[in-house]
Amino acid sequence: MKKLAIFLFVLTLIAGLVALPNSFLNENIEFAKAVVVTDLTAAEKIGKPFVINGGDAIIKLENDSFNTLLQDYEAKAIVFYLTEDEFENLSKQLKLQSISKIEVEGMEVEYSYTPLYFKSYINNGKKINAEIVRKNNEVIVGLPTIAIGY
């Protein structure tokens, strides 16, 4: 009986960890424009038009297909193009925690962390998985980074 209880506990823990990467997808994220970076094989299966960038594919997303696409296919990066109001809502939904900010060529670049997105990298000993750039009255947010430039 103890073995069964331990097995069920471990299974529940693993299921929770597997579900974690998509946990922020349960939110109703509003955006005007977004793209996903994925591999070429996934892009061909998705069946939407895409741009080849090296070994990756860049696919434009619409609000209605966002959750479905990300639940079915792995994204290397997600990039949102938002208004300041949309960014404020997304920031609250993702529980973004600012790590550092720099100014580059007149743009404010902020590195942040969200506990709701599983991919991250370490910079100066801190986890980062969101890059935010404010440029020309637009906020560009990349998870885990803005993989296609700004």
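Basis of the calculations
- Residues numbered from 1 in each chain as written.
- Predicted model: local features only at pLDDT ≥ 70, side-chain atom pairs only at ≥ 80, totals over all residues.
- Heavy atoms only, no water.
- Pairing = 2+ DSSP bridges.
- Helix = DSSP H or I, 4+ residues; strand = E, 2+ residues; numbered from the N terminus.
- Axes fitted to C-alpha atoms, helices over the stretch in contact; angles between N-to-C directions.
- Core = buried A, V, L, I, M, F, W, Y, C linked by side-chain atoms within 4.5 Å.
- Buried < 20%, exposed > 50% of the residue type's maximum accessible area, 1.4 Å probe, protein only.
- Lys, Arg positive; Asp, Glu negative; His and termini not counted.
- Salt bridge = Lys/Arg side-chain N within 4 Å of Asp/Glu carboxyl O.
- Polar contact = N/O pair within 3.5 Å; in protein donor to acceptor, adjacent residues only side chain to side chain.
- Phe/Tyr/Trp six-rings, centres within 6.5 Å; stacked < 30°, edge-to-face > 60°.

Visitor: It is not clear to me how the sheet that holds strand S10 (residues 138-143) should be interpreted in this structure. Could you clarify?
Guide: Backbone-to-backbone hydrogen bonds pair the strands of a sheet. The strands run either parallel or antiparallel. Reading across the sheet, the eight strands line up as S2-S3-S1-S4-S10-S9-S6-S5 and stay open at both edges, with antiparallel pairing between neighbours. Both outer strands of the open sheet, strand S2 (50-53) and strand S5 (97-104), are each paired with one neighbouring strand and no more. Pairs of neighbouring strands in the sheet enclose a mean axial angle of 20°, with direction left out of account. Pairing between strand S1 (residues 33-39) and strand S3 (residues 56-61): six bridges, direction antiparallel. By the bridge assignment, Val 37 is partnered in S3 with Ile 58.

Visitor: When you look at the nonpolar core in this model, what are you seeing that I'm missing?
Guide: Generally speaking, a soluble globular protein has its nonpolar side chains buried in company with each other. Membership of the largest hydrophobic core comes to 26 residues, with the highest contact counts inside it found for Phe 31, Val 36, Phe 66, Ile 78, Phe 80 and Val 141. Ranked by size, the runner-up nonpolar core spans 13 residues in total, among them Val 35, Ile 58, Met 107 and Tyr 111.

Visitor: Explain the side chain of Glu 131 to me, please; I cannot follow it from the model alone.
Guide: With respect to the secondary-structure elements, Glu 131 resides in strand S9 (residues 130-135). Of the side chains with opposite charge, Lys 135 lies nearest to the buried Glu 131, which makes no salt bridge, at 11 Å. A polar atom in the side chain of Glu 131 sits 3.0 Å from the backbone nitrogen of Ile 146.

Visitor: Please explain the pairing of S2 as it appears in this structure.
Guide: Each regular strand carries side chains that alternate between the two faces of the sheet. Relative to S3, S2 is paired through four bridges, and the arrangement is antiparallel. In the strand pairing of S3, Phe 50 is matched with Ile 59. Taken together, S2 and the strand that follows it, S3, pair antiparallel across an intervening segment of two residues, in which Gly 54 is found at a positive phi of about 65°.

Visitor: Just checking my understanding: could you explain unusual backbone geometry for this structure?
Guide: What you tend to see is this: most non-glycine residues have negative phi, and most peptide bonds are trans. Cis peptide bonds are those with omega within 30 degrees of zero, and the linkage from Leu 143 to Pro 144 qualifies with -5°. Following the sequence through the fold, Pro 144 ends up in the segment after S10. The phi dihedral of Asn 136 falls on the positive side, at around 50°, and the residue is not glycine. One can find Asn 136 in the loop between S9 and S10.

Visitor: What am I meant to see in the pattern of salt bridges here?
Guide: Oppositely charged side chains may form a pair once their charged atoms are brought near each other. Scanning the model with the defined rule gives five salt bridges in all. With a closest N to O distance of 3.1 Å, Arg 134 and Glu 108 form a salt bridge. On the criterion of sequence distance, the pair formed by Arg 134 in strand S9 and Glu 108 in strand S6 (residues 107-113) is long-range, its members being 26 residues apart. Arg 134 gets classed as partly exposed once you look at its relative accessible area, which sits at 22%. Looking at Glu 108, the relative accessible area reads 27%, which means it is partly exposed. Note that Arg 134 and Glu 110 form a salt bridge whose closest N and O atoms lie 3.7 Å from each other. Separated by 24 residues along the polypeptide, Arg 134 in strand S9 and Glu 110 in strand S6 bring together distant segments of the chain. Given the relative accessible area of 9%, Glu 110 is considered buried.

Visitor: Quick question: what am I supposed to make of the packing of aromatic side chains here?
Guide: How two aromatic rings sit relative to each other is given by the distance of their centres and the angle of their planes. The tally for this structure, following the rule as stated, stands at one aromatic pair. Taken together, a centroid distance of 5.7 Å and an interplanar angle of 50° make the contact between Tyr 117 and Phe 118 tilted. For Tyr 117, a relative accessible area of 4% puts it in the buried group.

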